[in-house]
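# Secondary and tertiary structure notes
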Amino acid sequence: MRFGFAGLCGLLLTAVCFLGEVATSQSQPAVPQQQVQSDPPAASPMDYVNNELPRWMRFSGQLRERAEGYTGGGFNPANGDQYVLTRVWINMTLQPNDWTQFFFQGMDARAFGKSATPAGPPFRDDMDLRQAYFALGSESRPVSVRFGRQELEFGDGRLVGALPWANTARTFDGVRGSVVGDFFRVDLFAASVVKIYQ
């Protein structure tokens, strides 16, 4: 391959710049990276309650509202419905020590303004006990067991999941055991889906 004079000069200039950068980086000490400041933790109304309670008892919750609607259902221009889905979760955790835990979750899910079909599951479940389980161990321990009504999530929800996008998210009655090692995790469970009746 033949290089012209301009090509040879360009190749030499590139090599000089590269060697200069390598020498500069080796002769100067590395500049320490600036520490990234994280945002302060979000405040919750439950913080005021938890501050007055013993450390082994904690309350938390979630409020979710979502507007949905459709027009032209079943290829009928007159078939439509617009409504607002509301879901409230109230959680109570009792943890007397670092290896036992009791968890309770109440749910109230409603569909305001829904008129096309009766607003039953998966849209509505008035004041129900969604989760109630007793756990021995935790995710950070090598062995843990959980008994009672709980969420199960395997295969990113494709195999078994809680369907969190539904207004009345799914739970299971059963038992789950987990064994965690440095390079593996094994989960065994026996459970049935909780059916919601309205």
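This text goes with the structure placed above it.
Presented here is a report on the structure given in the accompanying data block.

Here is what the cut-offs are and how they apply
- Residues numbered from 1 in each chain as written.
- Predicted model: local features only at pLDDT ≥ 70, side-chain atom pairs only at ≥ 80, totals over all residues.
- Heavy atoms only, no water.
- Helix = DSSP H or I, 4+ residues; strand = E, 2+ residues; numbered from the N terminus.
- Buried < 20%, exposed > 50% of the residue type's maximum accessible area, 1.4 Å probe, protein only.
- Areas by Shrake-Rupley, 256 points an atom, 1.4 Å probe, with all protein chains shown as cover.
- Phe/Tyr/Trp six-rings, centres within 6.5 Å; stacked < 30°, edge-to-face > 60°.
- Pairing = 2+ DSSP bridges.
- 1 Å grid on protein atoms, 1.4 Å probe; cavity = no way out; pocket = protein on both sides within 12 Å on 5 of 7 lines; lining within 4 Å.
- Points joined across faces, edges and corners; volume = space filled by probe spheres on them.
- Nonpolar A, V, L, I, M, F, W, Y, C, P; charged D, E, K, R; others polar.

A few words now on the overall build of the protein chain. Counting its regular elements, the protein chain contains 2 helices and 7 strands. Start at the N end of the protein chain and walk to the C end: the helices and strands fall as α-α-β-β-β-β-β-β-β. Evaluated residue by residue, the protein chain yields a buried proportion of 23% over its 198 residues. On the protein chain, roughly 14,400 Å² of surface is accessible, and the fraction owed to carbon and sulfur atoms is 62%.

Before going further, it helps to spend a moment on the packing of aromatic side chains. Per the counting criterion, the structure on display carries 4 aromatic pairs. With centroids separated by 5.7 Å and ring planes inclined at 80 degrees, the aromatic side chains of Tyr 83 and Phe 123 adopt a geometry described as edge-to-face. Placement of Tyr 83 in strand S2 (residues 80-97) and of Phe 123 in the loop between strand S3 (100-112) and strand S4 (125-136) is noted, with a sequence separation of 40 residues between them. Since its relative accessible area comes to 8%, Tyr 83 is described here as buried. Ring centres of Phe 154 and Phe 189 lie 4.9 Å apart, and the angle between their planes is 10 degrees; on these two criteria the pair is classed as stacked. Taken together, the residues Phe 154 in the loop between strand S5 (143-150) and strand S6 (172-180) and Phe 189 in strand S7 (residues 185-193) connect sequence positions 35 residues apart. Classification of Phe 189 by relative accessible area gives partly exposed; the value is 39%.

A separate point is the pairing of S6. Note: S5 against S6, 8 bridges, orientation antiparallel. Across the sheet, the residue bridging to Gly 148 is Gly 174, located in S6. Direction of pairing for S6 relative to S7: antiparallel, over a ladder of 9 bridges. What sits directly across from Arg 176, in S7, is Phe 189.

This paragraph deals with the layout of surface pockets. Reported here for the largest pocket is a volume of approximately 200 Å³. Lining the largest pocket are 18 residues, and of these Thr 168, Ala 169, Arg 170, Val 194 and Ile 196 lie nearest its centre. No other element matches the 4 residues that S4 contributes to the lining of the largest pocket. Taken together, the residues of the lining of the largest pocket sort by class into 10 nonpolar, 2 polar and 6 charged. Quantified by volume, the second largest pocket comes out at close to 170 Å³. Taken together, 15 residues form the lining of the second largest pocket, with Ala 135, Gly 137, Ser 138, Glu 139 and Arg 146 sitting closest to its centre. In terms of residue count, S5 provides more of the lining of the second largest pocket than any other element does, 3 residues in total.

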